[in-house]
Amino acid sequence: MSFRERLYRFMQGRYGKDDLSNFCVWTGLALYVISLFFFRYPITQYIIYLFSTAFLAISIFRTLSKNHLKRQIENQRYLRLKNKLSAFFRLQKDKFKERKTHAFRRCPHCKAVMRLPRRRGKHGVNCPACRRHFKVFIWFGKK
Ligand SMILES: [Zn+2]
């Protein structure tokens, strides 16, 4: 049996790569590189190195795992968290970029974020997501 055949047999029924495993590989490699900069602090270096190894081990374990359902659930959780985080940072970026022209307010009913023209004072707003009416107060901006 050739090496390729043996590898193919070995990988049969195994889960393989996904986003979470990719994340673990890159985090593990990044931590390994970071650990190299801590050569003056051997204990810190060792701890970072251990984390690096753990991330790489998790990635290998997940790739070779035969429990597909469990791995898929983990991956979905990871993707949900990643989407939440990137939405949060995108919002912070927009808030900062448009801080002079727009105010961002959360709907008290459905928690959707609204982007409103920045006009000082109290305004009545209809939420575009849940259609309910509520009042917002904008502290500074053009009158
Ligand atoms: Zn709403």
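Whatever comes next refers back to the structure up there.
So, here's what we can say about the structure. (Residues numbered from 1 in each chain as written. Predicted model: local features only at pLDDT ≥ 70, side-chain atom pairs only at ≥ 80, totals over all residues. Heavy atoms only, no water.)

### Description of the overall build of the chain
- Assigned secondary structure in the chain consists of four helices and four strands.
- For the chain, the N- to C-terminal ordering of α and β elements is α-α-α-α-β-β-β-β.
- Taken over C-alpha atoms, the radius of gyration comes to 24 Å for the chain, far larger than the 15 Å a tight globule of 143 residues would show.
- Projected onto its principal axes, the C-alpha positions of the chain cover 80 × 45 × 20 Å.
- When burial is assessed residue by residue, the chain has 24% of its 143 residues classed as buried.
- In the structure as shown, the chain presents an accessible area of about 11400 Å², 63% of it carried by carbon and sulfur atoms.
- Placing the 33 positive and 6 negative side-chain charges of the chain at their respective mean positions leaves the two points 13 Å apart. (Helix = DSSP H or I, 4+ residues; strand = E, 2+ residues; numbered from the N terminus. Rg over C-alpha atoms; globule rule 2.2 N^0.38 Å. Buried < 20%, exposed > 50% of the residue type's maximum accessible area, 1.4 Å probe, protein only. Areas by Shrake-Rupley, 256 points an atom, 1.4 Å probe, with all protein chains shown as cover. Lys, Arg positive; Asp, Glu negative; His and termini not counted. Charge placed at Lys NZ, Arg CZ, Asp CG, Glu CD.)

### Points about the packing of helix α2 (residues 19-36) against helix α4 (residues 68-97)
- Running from N to C, α2 and α4 cross one another at 70°; their axes reach a closest spacing of 8 Å. Classified by the angle between their axes, α2 and α4 sit roughly perpendicular to one another. Contacts from Asp-19, Leu-20 and Phe-23 in α2 reach Glu-74, Asn-75, Tyr-78 and Leu-79 in α4.
- Along the lines of polarity and charge, the residues of the contact of α2 with α4 split into four nonpolar, one polar and two charged. (Axes fitted to C-alpha atoms, helices over the stretch in contact; angles between N-to-C directions. Parallel < 35°, antiparallel > 145°, perpendicular 65-115°, else oblique. Contact = heavy atoms within 4.5 Å. Nonpolar A, V, L, I, M, F, W, Y, C, P; charged D, E, K, R; others polar.)

### Quick notes on the pairing of strand β2 (residues 113-117)
- Of the two faces of β2, only the one carrying Met-114 and Leu-116 is buried; Val-113, Arg-115 and Pro-117 on the other face are not.
- Across five bridges, the pairing between strand β1 (residues 102-106) and β2 is antiparallel. Across the sheet, residue His-102 finds its bridge partner in β2, namely Pro-117.
- Taking the residues that link successive antiparallel strands as the turn, the β1-β2 hairpin has six residues, and the phi of Lys-111 there is positive, at about 70°. (Pairing = 2+ DSSP bridges.)

### Describing the nonpolar core
- Cys-107, Met-114, Leu-116, Val-125, Cys-127, Phe-134 and Val-136 form the largest nonpolar core, which has seven residues in total.
- When residues of this core are traced back to their parent elements, those giving at least two are β2 and β4 (133-138).
- Not counting chain neighbours up to four residues away, the residues in contact with Leu-116 comprise Thr-101, His-102, Ala-103, Arg-105, Val-125 and Val-136. (Core = buried A, V, L, I, M, F, W, Y, C linked by side-chain atoms within 4.5 Å.)

### Points about unusual backbone geometry
- A positive phi angle, near 70°, is found at Lys-111, a position not held by glycine.
- Mapped onto the elements of the fold, Lys-111 is located in the loop between β1 and β2.
- For Arg-131, which is not a glycine, the phi torsion comes out positive at approximately 70°.
- One can find Arg-131 in the loop between β3 (121-126) and β4.

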